[in-house]
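Okay, here's what each chain looks like letter by letter:
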Amino acid sequence: MITVRFPDGLNREFPKGITGWEIAKTLSTSLAKEAVAVRIENELWDLTRPIEKDVAFEVIKRPSEIGLDVLRHDAAHVFAEAVKELYPETQITIGPSIQDGFYYDVFREESFTPEDLKRIEERMHEIVNRDEPVTREVWDRTKAIDFFKSQGELFKAEIIADLPEESEITLYRQGNFVDLCRGPHLPSTGKLGHAFKLMKIAGAYWRGDHNNPMLQRIYGTAWSNEKDLQTYLTRLEEAEKRDHRKLGKEMNLFHMQEEAVGSVFWHPKGWTLYRLLENYIREKISAEDYLEVKTPQLLDSSLWEASGHWDKFGENMFIVKDEDKTLALKPMSCPCHIQIFRQGLKSYRDLPLRLAEFGACMRNEPSGALQGLTRVRSMVQDDGHIFCREDQIKEETRKFCLLLLNVYRELGFEEIIVKFSDRPPVRAGEDEVWDKAEAQLEAGARASGLSYTLNPGEGAFYGPKLEFILKDAIGRDWQCGTLQLDFVLPERLDASYIGEDGKKHRPAMLHRAIFGSLERFIAIFIEHYAGKFPLWAAPVQAIVTTITQEGDAYAEKVFEKLQAAGLRVEKDLRNEKINYKIRELSLQKIPYILVVGKREAEDGTIALRKLGGEAQEILALQDVIDKLESEAIPPHKRKLME
RNA sequence: GCCGGAUUAGCUCAGCUGGUAGAGCAACUGAUUUGUAAUCAGUAGGUCGGGGGUUCGAUUCCCUCAUCCGGCACCA
């Protein structure tokens, strides 16, 4: 007999060799039905694997996070089996579960078409209906390699050959299909159910290296039941409606066109939003004693050579020939800020010196990387560089982190991913310097109460960095804010200050941005609010409209009053039905519609309709103005007023 | 840059296997003066992304370039 310890602390005896599934059945039939795997000690096991000794035991249920992981992994195997049945010439490589589903990377000379995907999906359903038992086998390494080679599965053979010596080679068999896998898997293909769907075909390099051949990556989604699958598909549809490219067009905020790839034409409304956010952040940093500057766009190559960018970044710089000179459009403002720092002698008393710039930068990004406003070739960074003494790094870091968190919170972002990236394998500077740099940056981050994950080896070559990441509507990560500590650039461009000791010292340099780029941040901002901006940020805050032309004169008066109160207001006096106008103005996502008809004109009132609201509210004109004025106060001024 | 898909009216899209194009909305004109998410009628609008090829004939098939979309790689 063996003793099995349950999560609630209870122990029970079972015969040696009992399986997790059998144990689950003794607990309850519904539990056994929902079970997809078991946790034995800290390992996930198949339901059908015999347990030979005393263990801690837990049933992994279908809809749980880990349960879904198991399901999705099974879906990947069923996918691979279907592909091998239909297109035996295909080589399979890896097929992990991911957020919301799975993918499988396969190699085949011919490309799969969307029609092929349909066929594969049908075959997957057949395989589920066949309810093939899934069994686990432990193989000898050499035998496994030979087996996969004999099957023409060269990628699989390579994976096994590269596995660490001590690792056990486990294969899972279902029907005629055998795949290398750590497991665990469901007892049979029928357990997977039918709540899955193949989503899209993409390319991916073998082992993530662009020197390797490109494989075909097929993405799928898989869920515990049909309802969850439907919910997910609906969620995707909803998310697509928030896409900033779509809303940018619908709301007439901006456009892009072929003649200016990667650059933005801001329309009046989009530019209003842009300026509001720019001014907001300007006021925020100004309160933190940053000094705003403006530096040149076009600089001689010698500066970029001295800074090291010519070497490290040259491929991404736009070069301009001018007579016998070679100039480059700036891809970043750091070297320029150092030039300002270098003007005149700086004393330790001047530090920390915080320079800020809305720096227009041009980067020749790879064509395939461009994407709406989130990845452009021409952008404006809310850039800033803090020149300070080494002993000031921690405090400057702390202050920056607090400022950034405060900004993100004020703008409505609750979910922020923060990563701390430390020294990369190839780097400038002594290890001692890195020790100090990492310690200080981390201490500062911690002092601000920030929680972050470690991103080992991903720092810049000149120093460690903090990355602040926001998600777009469909859940993609975008780095927005950043704080990077740099001892290299001040050295290269010879920045110095006179210390208390009367001698020259190198300042430390902190590169920092809160939005990252205005373009990217606005994209995320649009998607976050689905275009329904808070009143202070709405390009048009209110619109006055009439029921009949009898209301025109009063509407003009209302319009003027609101305008005089500093509100961004428009009027719609068209001879159209009120229903039509309400619909149209609502679709434009204008926060407030002020309807005036005969009654309102006579009473000096407004029928106020809020975006998304069902009903309207009848208020005196002055009350409406007061209400909108107070709601339109930007978040950073709000607290001061209270 | 790489893999796949897409590109038709201002917008959203239809157009099977080749016979030079359609709808809805928007625009314009007229009628309608309307009480909270689409009033009616009429008019006009297209080198079917650019270039080349096959063909009697190409929006449709082939090649090529560009851009966009989804991934991959890249993102100092």
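Residues numbered from 1 in each chain as written. Chains lettered and ligands numbered in written order. Predicted model: local features only at pLDDT ≥ 70, side-chain atom pairs only at ≥ 80, totals over all residues. Heavy atoms only, no water.

### Some thoughts on the sheet that holds strand 13 (residues 177-180)
Reasoning step 1: Taken together, the three strands give an open sheet; going across it, the order is 11-12-13, and neighbouring strands pair in antiparallel fashion. Unpaired on one side and paired on the other, strand 11 (134-139) and strand 13 mark the two borders of the sheet. Along the sheet, successive strands turn relative to each other by an average axial angle of 25°, direction set aside.
Reasoning step 2: As paired strands, strand 11 and strand 12 (residues 169-174) are joined by six bridges and run antiparallel to one another. Across the sheet, the residue bridging to threonine 135 is arginine 173, located in strand 12. (Pairing = 2+ DSSP bridges. Helix = DSSP H or I, 4+ residues; strand = E, 2+ residues; numbered from the N terminus. Axes fitted to C-alpha atoms, helices over the stretch in contact; angles between N-to-C directions.)

### Observations regarding the layout of surface pockets
Reasoning step 1: In this structure, the largest pocket spans a volume of roughly 1000 Å³.
Reasoning step 2: Around the largest pocket, the lining is made up of 37 residues, and of these Met332, Arg363, Gln381, Gln479 and Gln484 lie nearest the centre.
Reasoning step 3: For the lining of the largest pocket, the secondary structure elements donating two or more residues are helix 11 (309-313), strand 23 (378-388), strand 27 (477-486), helix 15 (488-492) and strand 30 (508-517).
Reasoning step 4: Split by residue class, the lining of the largest pocket holds 14 nonpolar, 13 polar and ten charged.
Reasoning step 5: Its boundaries defined by the atoms lining it, the second largest pocket holds a volume of some 870 Å³.
Reasoning step 6: Contributing to the lining of the second largest pocket are 30 residues, with His73, Cys181, Arg182, Gly183 and Pro184 lying nearest its centre.
Reasoning step 7: Looking at the lining of the second largest pocket, the elements that each hand over two or more residues are strand 5 (43-45), helix 3 (65-86), helix 6 (154-162), strand 12 and strand 13.
Reasoning step 8: Per-element tally for the lining of the second largest pocket: the top contributor is helix 3, with five residues.
Reasoning step 9: When the residues that make up the lining of the second largest pocket are grouped by side-chain class, the tally is 13 nonpolar, eight polar and nine charged. (1 Å grid on protein atoms, 1.4 Å probe; cavity = no way out; pocket = protein on both sides within 12 Å on 5 of 7 lines; lining within 4 Å. Points joined across faces, edges and corners; volume = space filled by probe spheres on them. Nonpolar A, V, L, I, M, F, W, Y, C, P; charged D, E, K, R; others polar.)

### Considering helix 20 (residues 621-631)
Reasoning step 1: When we look at burial in helix 20, the residues that qualify are Leu621, Val624, Ile625 and Leu628. End-on, the buried residues of helix 20 take up no more than an arc of 100°, which puts them together on one face. (Buried < 20%, exposed > 50% of the residue type's maximum accessible area, 1.4 Å probe, protein only. Arc of directions from axis to C-beta.)

### A few points about the side chain of histidine 185
Reasoning step 1: Turning to its location among the elements, histidine 185 is positioned in the loop between strand 13 and strand 14 (196-205).
Reasoning step 2: Residue classification places histidine 185 among the buried positions, given a relative accessible area of 1%.
Reasoning step 3: Among the polar contacts listed, one links the side chain of histidine 185 to the side chain of histidine 77, at a separation of 3.3 Å. (Polar contact = N/O pair within 3.5 Å; in protein donor to acceptor, adjacent residues only side chain to side chain.)

### Observations concerning the pairing of strand 32 (residues 569-572)
Reasoning step 1: Pairing geometry for strand 31 (residues 542-546) and strand 32, over four bridges, is parallel. Residue pairing in the sheet places threonine 545 in a bridge with aspartate 572 of strand 32.

### A look at the protein's contact with RNA strand B
Reasoning step 1: Near RNA strand B you find 54 residues, and of these Met332, Arg363, Ser367, Asn575 and Glu600 are the closest.
Reasoning step 2: Counting only the atoms of RNA strand B that lie within 4 Å of the protein, the sugar and phosphate share comes to 50%.
Reasoning step 3: Between RNA strand B and arginine 476, the relevant distance is 3.1 Å, taken from a phosphate oxygen to a side-chain nitrogen or oxygen of the residue.
Reasoning step 4: Between a base nitrogen of RNA strand B and a side-chain N or O atom of glutamate 600, the distance comes to 2.3 Å.
Reasoning step 5: Only strand 14, strand 15 (214-222), helix 8 (244-250), helix 18 (578-587), helix 19 (598-603) and strand 34 (605-610) provide two or more residues apiece to the surface near RNA strand B. (Near = heavy atom within 4 Å.)

### Quick word on the pairing of strand 27
Reasoning step 1: Most of strand 27 is tucked away, with eight of its ten residues classed as buried.
Reasoning step 2: When strand 26 (residues 465-471) meets strand 27, the two strands line up antiparallel, connected through seven bridges. Considered in strand 27, the bridge of lysine 465 is made with glutamine 484.
Reasoning step 3: Linking two consecutive strands that pair antiparallel, namely strand 26 and strand 27, is a turn of five residues; a positive phi of about 90° is found at glycine 475 within it.
Reasoning step 4: Alignment of strand 27 against strand 30, held across five bridges, turns out to be antiparallel. By the bridge assignment, aspartate 486 is partnered in strand 30 with methionine 509.

### Topic: empty space enclosed by the protein
Reasoning step 1: In total, this model carries one cavity of 30 Å³ or more according to the counting rule given.
Reasoning step 2: Within this model, the largest cavity holds a volume of roughly 50 Å³.
Reasoning step 3: Forming the boundary of the largest cavity are Glu288, Tyr290, Arg354, Ile386, Glu396, Lys399, Phe400 and Leu403.
Reasoning step 4: When residues in the lining of the largest cavity are grouped by element, the largest group, four residues, is from helix 13 (residues 393-410).
Reasoning step 5: For the lining of the largest cavity, the residue count by class is four nonpolar, no polar and four charged.

### What to know about the pattern of salt bridges
Reasoning step 1: Here the structure, examined in full by the defined rule, presents 43 salt bridges.
Reasoning step 2: With its nearest N and O atoms 3.8 Å apart, the salt bridge here joins arginine 108 to glutamate 110.
Reasoning step 3: With relative accessibility at 9%, the residue arginine 108 sits in the buried group.
Reasoning step 4: The salt bridge partner of glutamate 158 is arginine 207, with a shortest N-O separation of 3.4 Å. (Salt bridge = Lys/Arg side-chain N within 4 Å of Asp/Glu carboxyl O.)

The quantities given are spatial measurements derived from coordinates; they are silent on function.
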